Amino acid sequence: MFFRKLPGVSASGMGLRLSQKFIFLLFLSGLVTLCFGALFFLPDSARIKRFFLPRAESQTPAVEPDTTAKQDSKKSDKSHDHFKEIIPAKAVTSAKIKAISQKSSPTSEKKDAEKVTVKKQDNQNESKRPTPVKPRFAVNKPVEQEMERRTVSSKKGKHGSPFDYEKFRQCLQKPILGVENGQPSDPQTRERREKVKEMMKFSWDNYKTYAWGKNELQPLTRNGHVGNMFGGLRGASIVDSLDTLYIMGMLEEFEEAKSWVEKELDMNSNGEASLFEVNIRYVGGLLSAYYLTGEEVFKKKAIELGEKLLPVFNTPTGIPRGVINLGSGTSWSWGWASAGSSILAEFGTLHLEFVHLTEVTGNPTYSEKVMNIRNVLNKIEKPHGLYPNFLSPVTGNWVQHHVSIGGLGDSFYEYLIKSYLMSDKRDEQAKKMYYDALEAIETNLVQKSPGGLTYIAEWRGGVLDHKMGHLACFSGGMIGIGADDGEPEQRKHHMDLAAEITHTCHESYARTATKLGPEAFRFDSGVEATATRMSDRYYILRPEVVESYMYMWRLTHDPKYREWGWEAIQALEKYCRVDKGFTGIRDVYTTSPSPDNMQQSFFLAETLKYLYLLFSDDDLLPLDDWVFNTEAHPLPVIRTECMQWGEAGKIQQQQ
């Protein structure tokens, strides 16, 4: 022991002479005084104090909100409202540190008090500050540094990446609305375009009169319909119509819609929502309205809703389920989905919107979630190269071998080629997946009828079902827009295939009494492009056929596509227009069809928009700059070299 080595200390005890005890105690007290005195005379350094003070109180927090945002970058379950409370929380922590510190100066305390005052004033004035259509950053002058910080901060995403809207507009190759708003020079074409605009105004005015704030108009009963598809969200027709109103120049109506979104669109709902429908209609519609106009309210609402959708990815595989409670964040699969599976067309139709959520927020979580979906799909063995419609979000395995380019599968393929185009043709993974899938579809599903009609059948465990749905008629346009980027020797073939499928879909219209197409049509039992079941004979104002007309017109300028579009307009006017709006019909094969009393929101978002673009010049929303999501909401091509958004290192690697 140590004490055994001290002089005057016996081996059996601690006996000391009195003088020795006094000298020892004096030495010990001096040593203690020296040690503790040195602590208080050391410099006021956090690096030294962290050894003596509690860790939670010794770490000095960052002052700028962007730093906290970066620290929070992996906490995707944080809400937007919670993020706004981070700065006051930091101020509380800072106050604790100052109470411990012995060297806080009156000057520094005064400066900190001034900063808190500025932040309070900034929060109070933020809601009163009008949002410009084209936001600008403040100039970089010392006297305006605080204003600059506040201006830039208002445009920064949760993770600190600013989105420069003006720079985005400069990166577009052509004006959004064209040289003259897409006005065609041909008088007949101009007259037909005006007719489409009149149909939009008629639909909108009746919705406003009888169903304002509800999701859709019921024109026969003159009331609004809410339904349970949107989880308690309201105003689906308003959000779906924003970009249509804007590109048609219906600016008074657009301002009414914008005001409703700003004041009435409440995201604090607590019902079950379709992930697919909320994403393509609300998130897509709000993002599109923001990119077209620069109005910050649309971006803010899109981000708020996007954050509410993130918990749906919390599955063992990261494959989202189809239904989510927007209030609690819990999710589940549709009751009708086989063995609790997720649907290909639902989890595969998120990429465009979520990539753009990352662009406007700087938060990589959104794009990471959808990229993980691709990674899961790439690891799974695909029967004959085909993607079945049902996938387990738990095991990551296919549940059934049912393949369809129509319902349950359709927009998954659409989003592959559009992701490639939207990436400014950089997304090589999407490109490969699309062309591999298209090759498998051609090999296994594309058929030719005895009458010479090309169609895409469905596949059920290796057995073909010679049926094609109205929803599958989008594929003519899809194959057309992807034709130029495939193998050079396949380009003409792909354009021919696109034209043949679009022709078949037109035939499904031409062979009915109303000249409107059925929900599904068959090629068996001696019939072609005709519905054989009563349950397939209805038409609910769907857009897919006129969507392909629009794309094929843009790609070929063959006048037949405009003629076919005019036929559809005349049929809509004759059989679907009623006193107070437009409605679907229950049987397209009779000249006296009964209406279904529903003006679908996608009629305003898609059908009328595609018809308007069909009769407009190509510079109105040019395809070089814009990609349409599956609800026809235009989203811009992302040009990273021009925008220089995101992390600089990543951009340099891409270059």
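Scroll up for the structure.
Residues numbered from 1 in each chain as written. Predicted model: local features only at pLDDT ≥ 70, side-chain atom pairs only at ≥ 80, totals over all residues. Heavy atoms only, no water.

## What about the state of the cysteines?
Heads up, the condition is: When two cysteine sulfur atoms lie within 2.5 Å, the pair is treated as a disulfide. Helix numbers and strand numbers start at the N terminus; a helix is a DSSP run of H or I with at least 4 residues, a strand a run of E with at least 2. We call a residue buried when its accessible area falls under 20% of the maximum for its residue type, exposed when it is over 50%, and partly exposed in between, using a 1.4 Å probe and counting protein chains only.
For the structure on display, the rule yields two disulfides. Each sulfur in the disulfide pair Cys171 and Cys642 lies 1.9 Å from the other. Between Cys171 and Cys642, the disulfide has an S-S torsion of -90 degrees and is therefore left-handed. Within this pair, whereas Cys171 is found in helix H9 (residues 165-171), its partner Cys642 is found in helix H25 (residues 640-643), the two being separated by 471 residues in sequence. In this structure Cys171 comes out as buried when scored by relative accessible area, which is 8%. Classification of Cys642 as partly exposed rests on a relative accessible area of 28%. Here Cys473 is linked by a disulfide to Cys505, with a sulfur-sulfur distance of 2.1 Å. Handedness here is read from the sign of the S-S torsion; for Cys473 and Cys505, about -95 degrees, the answer is left-handed. Here the residue Cys473 occupies a position in the loop between strand S14 (467-469) and helix H20 (475-481), and Cys505 occupies one in helix H21 (residues 491-510), the gap between them amounting to 32 residues. Residues Cys473 and Cys505 agree in their burial class; the two are buried. Sequence-ordered numbering of the bonded cysteines in the protein chain gives a disulfide pattern of 1-4, 2-3.

## Some words on the packing of aromatic side chains
Geometry of an aromatic ring pair is reported as the spacing of the ring centres plus the angle between the planes. Put simply, the test is: Whether two aromatic rings pair depends on their centres lying within 6.5 Å, for rings of Phe, Tyr and Trp, where Trp uses its six-membered ring; planes under 30 degrees apart make the pair stacked, over 60 edge-to-face, and the rest tilted.
Counted according to the given criterion, the structure contains 31 aromatic pairs. Their ring planes at 70 degrees and their centres at 5.9 Å tell us that Phe354 and Tyr366 sit as a pair that is edge-to-face. One end of the pair, Phe354, is in helix H16 (residues 351-361); the other, Tyr366, is in helix H17 (residues 365-379), and 12 residues separate them in sequence. Judged by its relative accessible area of 0%, Phe354 falls in the buried class. Overall, Tyr366 belongs to the buried group, its relative accessible area being 0%. Site record: aromatic cluster; members linked through ring pairs are Phe163, Tyr165, Phe168, Tyr290, Tyr291 and Trp626.

## Re the nonpolar core
What counts is decided by this rule: Side-chain atoms within 4.5 Å are what join buried Ala, Val, Leu, Ile, Met, Phe, Trp, Tyr and Cys residues into a set we call a nonpolar core. It only takes one pair of heavy atoms within 4.5 Å for two residues to be counted as in contact.
Ranked by size, the top nonpolar core spans 158 residues in total, and within it Tyr413 and Leu516 carry the most contacts. At 12 residues, the largest contribution of residues to this core is made by helix H13 (residues 275-293). With residues up to four places along the chain from it excluded, the contact list for Tyr413 reads Leu344, Tyr387, Val403, Ser404, Ile405, Tyr434, Ala437, Ile441 and Met478.

## Comments concerning the sheet that holds strand S9 (residues 402-403)
Selection rule: The pairing criterion is simple: DSSP has to find at least two bridges between the two strands.
Spatially, three strands are ordered S9-S12-S13 in an open sheet, and the strand pairing comes out antiparallel. Taken across any chain shown, the strands that pair with only one partner, and hence form the sheet edges, are S9 and strand S13 (463-465). Sheet analysis places S9 next to strand S12 (residues 458-460), joined by two bridges and oriented antiparallel. Directly across from Val403, in S12, lies its bridge partner Trp459.

## A closer look at helix H23 (residues 560-576)
To keep it simple, the criterion reads: Working rule for helices: expected span equals 1.5 Å times residues minus one.
When the terminal C-alpha atoms of H23 are compared, their 23 Å separation across 17 residues agrees well with the 24 Å that a helix rising 1.5 Å per residue should span. Those residues of H23 that fall on the buried side of the exposure criterion are Tyr561, Arg562, Trp564, Gly565, Trp566, Ala568, Ile569, Ala571, Leu572, Tyr575 and Cys576. Turning to H23, the residues buried within the fold contact helix H10 (187-211), H21, helix H22 (544-556), strand S16 (577-578), strand S17 (581-582) and helix H24 (601-614).

## Focus: the packing of H21 against H22
Basically, it comes down to this: Note on geometry: axes are lines fitted to C-alpha atoms, helical ones only across the stretch in contact, with angles between N-to-C directions running from 0 to 180 degrees. Orientation is classified from the angle alone, with under 35 degrees giving roughly parallel, over 145 giving roughly antiparallel, 65 to 115 giving roughly perpendicular, and any other angle giving oblique. Definitions for this section: a left-handed crossing has its near helix turned counterclockwise from the far helix by less than a right angle. A right-handed crossing has that turn clockwise. For this classification, Asp, Glu, Lys and Arg are treated as charged, while Ala, Val, Leu, Ile, Met, Phe, Trp, Tyr, Cys and Pro are nonpolar and the rest, including Gly, are polar.
Contact pair H21 / H22: the axes reach a minimum separation of 10 Å and the direction vectors enclose 140 degrees. Comparing their axes, H22 and H21 come out oblique. Regarding H21 and H22, the two cross each other, and that crossing is left-handed. Here Met495, Ala498, Ala499, Thr502, Cys505, His506 and Tyr509 of H21 come into contact with H22, specifically with Val545, Ser548, Tyr549, Met552, Leu555 and Thr556. Considering only residue class, the contact of H21 with H22 consists of nine nonpolar, four polar and no charged.

## Considerations on the side chain of Asn325
So the rule is basically this: Throughout this description, a polar contact denotes any pair of N or O atoms lying within 3.5 Å of each other; where both atoms belong to protein, one of them has to be capable of donating a hydrogen while the other can accept it, and for residues adjacent in sequence the pair is counted only when both atoms sit in side chains.
Mapped onto the elements, Asn325 comes out in strand S4 (residues 323-325). Separated by 2.9 Å, the side chain of Asn325 and the backbone nitrogen of Ser328 make a polar contact. Excluding residues that lie within four positions of it along the chain, Asn325 makes contacts with Asn270, Gly271, Thr330 and Trp332.

## Some points on unusual backbone geometry
Phi at Arg222 is positive, roughly 55 degrees, even though this residue is not glycine. Looking at the secondary structure, you find Arg222 in the loop between strand S1 (216-218) and strand S2 (223-225). Notably, Lys515 is not glycine yet its phi reads approximately 65 degrees, a positive angle. Residue placement: Lys515 occurs in the loop between H21 and strand S15 (520-522).

## With respect to the environment of Pro175
Topologically, Pro175 is positioned in the loop between H9 and H10. The sequence separation of Pro175 and Leu620 amounts to 445 residues, and the corresponding C-alpha distance is 8.0 Å. In contact with Pro175, other than residues within four places in its own chain, are Asp619 and Pro622.

Any functional reading would require information that these geometric values do not contain.
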